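Listed below, chain by chain, are the residues.
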Amino acid sequence: MKRVLSGIQPSGKLHIGNYFGMMQPMIHHMESADLFVFIVDLHALTSVQDRDRLRQGTLEAAADFLALGLDPDRCTFWVQSDVPEVCELTWLLSILTPMGLLERCHAYKDKVAKNIPASHGLFSYPVLMAADILLYQSQVVPVGKDQKQHVEVARDIAIRFNNAYGETFVLPEPEISESTAIVPGIDGQKMSKSYDNTIPIFLDEKQLRKRVMLIQTDATAVEDPKNPDACNLYALLKLFAPPEKMREVHELYVNGGAAYGYLKQDLFALINDYFAGARAKKKELLDNSDYLRQVLAKGADKARARATATLDLARDRMGLTY
Ligand code: ADP
Ligand code: TRP
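Being a predicted model, the structure only gives us computed values, none of them experimental.

What counts, and where the lines are drawn
Residues numbered from 1 in each chain as written. Chains lettered and ligands numbered in written order. Predicted model: local features only at pLDDT ≥ 70, side-chain atom pairs only at ≥ 80, totals over all residues. Heavy atoms only, no water. Helix = DSSP H or I, 4+ residues; strand = E, 2+ residues; numbered from the N terminus. Rg over C-alpha atoms; globule rule 2.2 N^0.38 Å. Buried < 20%, exposed > 50% of the residue type's maximum accessible area, 1.4 Å probe, protein only. Axes fitted to C-alpha atoms, helices over the stretch in contact; angles between N-to-C directions. Parallel < 35°, antiparallel > 145°, perpendicular 65-115°, else oblique. Left-handed = near helix turned anticlockwise from the far one by under 90°. Contact = heavy atoms within 4.5 Å. Near = heavy atom within 4 Å. Polar contact = N/O pair within 3.5 Å; in protein donor to acceptor, adjacent residues only side chain to side chain. Areas by Shrake-Rupley, 256 points an atom, 1.4 Å probe, with all protein chains shown as cover. Nonpolar A, V, L, I, M, F, W, Y, C, P; charged D, E, K, R; others polar.

Novice: What exactly am I supposed to notice about the overall build of the protein here?
Specialist: Looking only at helices and strands, one finds 13 helices and five strands in the protein. At 21 Å, the protein has a C-alpha radius of gyration in line with the 20 Å of a compact globule built from 322 residues. Considered along the principal axes of its C-alpha atoms, the protein spans approximately 75 × 45 × 40 Å. A total of 322 residues make up the protein; the buried ones form 51% of that total.

This is the structure:
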């Protein structure tokens, strides 16, 4: 059974990009993998420095996963900071991490380019992520395209460690689903909370409709043919519409007759139906936060048992035992 691991930051409202890029593939893995899913609150500290927001965000992220179908009895589901062994492994790995490897990371460079202050934490973020991945001896790491480089960094660090100290870590591989590698936002750029172009999945009906209506489209007249591959509305429809509906939409794009306003209505209805059950379930879970805490505490115990075994091995390999 493959060991599959991925995490999500509790730092914002879950959006369609997060769902198709990461959560849905993870939930599918529950069927056949030894699955590890966690909420990365230590990483979120690089962008959320507000106590109440982080606490609430962590509970919400837990409710998101469970509402969307993750079964905590069929995987290991926990909050990153509940297993502090990850911080010790971060230090051990940082010894083997060249500065240049981190300087090349796009996520860091993008943030600095956007004038986000460059703290040491932001710079060494990929080392903490490597520790997340290696601590659980993960083989497969499902992520969106933007996180691929970070998984490669983890692999690189694992290779360096194994070369220096002998076989210790499993080498992880990123898993990127091509069809949903980059879900576009309402402005056509990658959907991301940092671009304020998301469609959050747990909006109520009214807000969801408003958001979908804001999707930007070009000024081609209804009767004119349009290029489906260049249209973000088309890309979003493709994620939700059944194949027969998509064939119809495709015809309208190619031959003329696609009316963006009507298609947005269709998209709204599809998204709304798709997440209606999960929305109700999420509300129920958030009303019972003690249950969420219990689930996460149990998950942390399970995760910690695995984490300790790997950390002990790494400590021993490095000579931290006497
Ligand atoms: P954001 O870009 O909104 O800050 P995160 O960086 O927290 O999102 O991403 C959480 C997970 O969701 C990651 O695995 C990431 O690759 C995936 N993801 C985020 N946005 C998209 C997108 N537009 N398309 C596909 N996957 C995405
Ligand atoms: N950096 C990832 C993101 O922003 C979250 C993350 C942290 C992660 N640790 C991880 C993802 C380990 C996969 C595996 O989306």
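Read on for the rest.
Novice: Would you explain the packing of helix H3 (residues 51-67) against helix H12 (residues 260-286) in this entry?
Specialist: A packed helix pair is summarised by two numbers, namely the angle formed by the two axes and the spacing between the axes. It is at 9 Å that the axes of H3 and H12 come closest, and there the two elements cross at 135 degrees. With respect to H12, the axis of H3 lies oblique. In the packing of H3 onto H12, the handedness of the crossing is right-handed. Contacts between H3 and H12 involve Leu59, Glu60, Ala63, Asp64, Leu66 and Ala67 on the former and, on the latter, Ala278, Lys281, Lys282, Leu285 and Leu286.

Novice: What is the right way to read the site of ligand 2 from this model?
Specialist: Taken together, the neighbourhood of ligand 2 is formed by 14 residues, with Gln9, Tyr125, Met129, Asp132 and Gln147 sitting nearest. The contact in question runs from an oxygen atom of ligand 2 to an N or O atom on the side chain of glutamine 9, over 3.2 Å. Aspartate 132 places a polar side-chain atom, nitrogen or oxygen, 2.7 Å from a nitrogen atom of ligand 2. Protein chains shield 90% of the accessible area of ligand 2, which is 360 Å² for the free molecule. Residue assignment for the shell around ligand 2 shows that the elements contributing at least two residues are strand E1 (3-8) and helix H7 (120-135). Top contributing element to the shell around ligand 2 by residue count: H7, with four residues. When the residues that make up the shell around ligand 2 are grouped by side-chain class, the tally is eight nonpolar, five polar and one charged.

Novice: Please clarify how the site of ligand 1 should be interpreted in this entry.
Specialist: Surrounding ligand 1, one finds 17 residues, the nearest of these being His15, Gly144, Asp146, Ser192 and Lys193. Within the contact set of ligand 1, an oxygen atom lies 3.2 Å away from a side-chain nitrogen or oxygen of asparagine 18. Within the backbone of methionine 191, one N or O atom sits 2.9 Å away from a nitrogen atom of ligand 1. When isolated, ligand 1 has an accessible area of 540 Å², and the protein chains bury 92% of it. Class assignment of the residues belonging to the shell around ligand 1 gives a composition of six nonpolar, eight polar and three charged.

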